[in-house]
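Each chain is listed here by its residues.
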Amino acid sequence: MSFFGDDPALDRWLVSGRILNVGAVPVYWVLLFFFIKEEGWHFSFLVAALLPPIAALLALRGHREVRPGLTAAGMALAVGTLPLMVWLAMLEGR
């Protein structure tokens, strides 16, 4: 419930952001183990281990406190983790 009354679009946004971020954590961890098995260890893979739980925490707090900005920040972290991980692996030069 928002300050100005019921807003189903805001509630849908917060719930979908929460579900996306909480669901992204096991997906990125499975992807991390797959990359380690196929490519070997890169320090850039730590991004896939650390950023998705932080994104999930932001989204959960955003849903609980009805703060769409936190949910958007969590979604940005969840979506940006894979390109950041690949870019850092390319910089590592293996």
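Below: a short report on this structure.

## Overview of helix H2 (residues 46-64)
Argument step 1. For H2, which comprises 19 residues, the first-to-last C-alpha distance of 28 Å matches the rise-based estimate of 27 Å (1.5 Å per residue) to within 8%.
Argument step 2. The set of residues buried in H2 consists of Val47, Ala48, Leu51, Pro52, Ala55, Ala56, Ala59 and Gly62. Down the axis, H2 shows its buried residues gathered within 140 degrees of arc, on one side only. Residues of H2 that are exposed and angled more than 90 degrees away from the buried face: Leu50, Leu57 and Arg64.
Argument step 3. Against helix H1 (8-39) and helix H3 (68-92) lie the buried residues of H2.
Argument step 4. Just past H2, the residue Val66 takes up positive phi, approximately 50 degrees.

## A few points about a nonpolar patch on the surface
Argument step 1. On the surface, Trp41, Phe43, Leu46, Leu50 and Ile54 cluster together into a nonpolar patch covering about 510 Å² of accessible area.
Argument step 2. Classification of Ile54 by relative accessible area gives partly exposed; the value is 42%.

## Some thoughts on H3
Argument step 1. The end-to-end C-alpha separation of H3 is 35 Å, in line with the 36 Å expected for 25 residues at 1.5 Å each.
Argument step 2. Taken as a whole, H3 carries its principal kink of about 40 degrees at Gly80; the proline Pro83 stands between one and four residues after it.
Argument step 3. Within the sequence span of H3, burial applies to Leu70, Thr71, Gly74, Met75, Ala78, Thr81, Met85 and Ala89.

## Details of the packing of H1 against H3
Argument step 1. Taken N-terminus to C-terminus, the directions of H1 and H3 make an angle of 25 degrees; their axes are 9 Å apart at the nearest point. Here H1 lies roughly parallel to H3, going by the angle between them. In the packing of H1 onto H3, the handedness of the crossing is left-handed. Residues Leu10, Trp13, Leu14, Gly17, Leu20, Asn21, Ala24, Tyr28, Leu31 and Phe35 of H1 pack against Pro68, Thr71, Ala72, Gly74, Met75, Ala78, Val79, Thr81, Leu82 and Met85 of H3.
Argument step 2. Taken together, the residues of the contact of H1 with H3 sort by class into 15 nonpolar, 5 polar and no charged.

Cut-offs used in this document
Residues numbered from 1 in each chain as written. Predicted model: local features only at pLDDT ≥ 70, side-chain atom pairs only at ≥ 80, totals over all residues. Heavy atoms only, no water. Helix = DSSP H or I, 4+ residues; strand = E, 2+ residues; numbered from the N terminus. Expected span 1.5 Å × (residues − 1). Buried < 20%, exposed > 50% of the residue type's maximum accessible area, 1.4 Å probe, protein only. Arc of directions from axis to C-beta. Contact = heavy atoms within 4.5 Å. Patch = residues over 30% accessible without salt bridge, like charges linked within 9 Å, V, L, I, M, F, W, Y side chains within 5 Å. Areas by Shrake-Rupley, 256 points an atom, 1.4 Å probe, with all protein chains shown as cover. Salt bridge = Lys/Arg side-chain N within 4 Å of Asp/Glu carboxyl O. Bend = angle between axes of the 7 residues up to and from the residue. Axes fitted to C-alpha atoms, helices over the stretch in contact; angles between N-to-C directions. Parallel < 35°, antiparallel > 145°, perpendicular 65-115°, else oblique. Left-handed = near helix turned anticlockwise from the far one by under 90°. Nonpolar A, V, L, I, M, F, W, Y, C, P; charged D, E, K, R; others polar.

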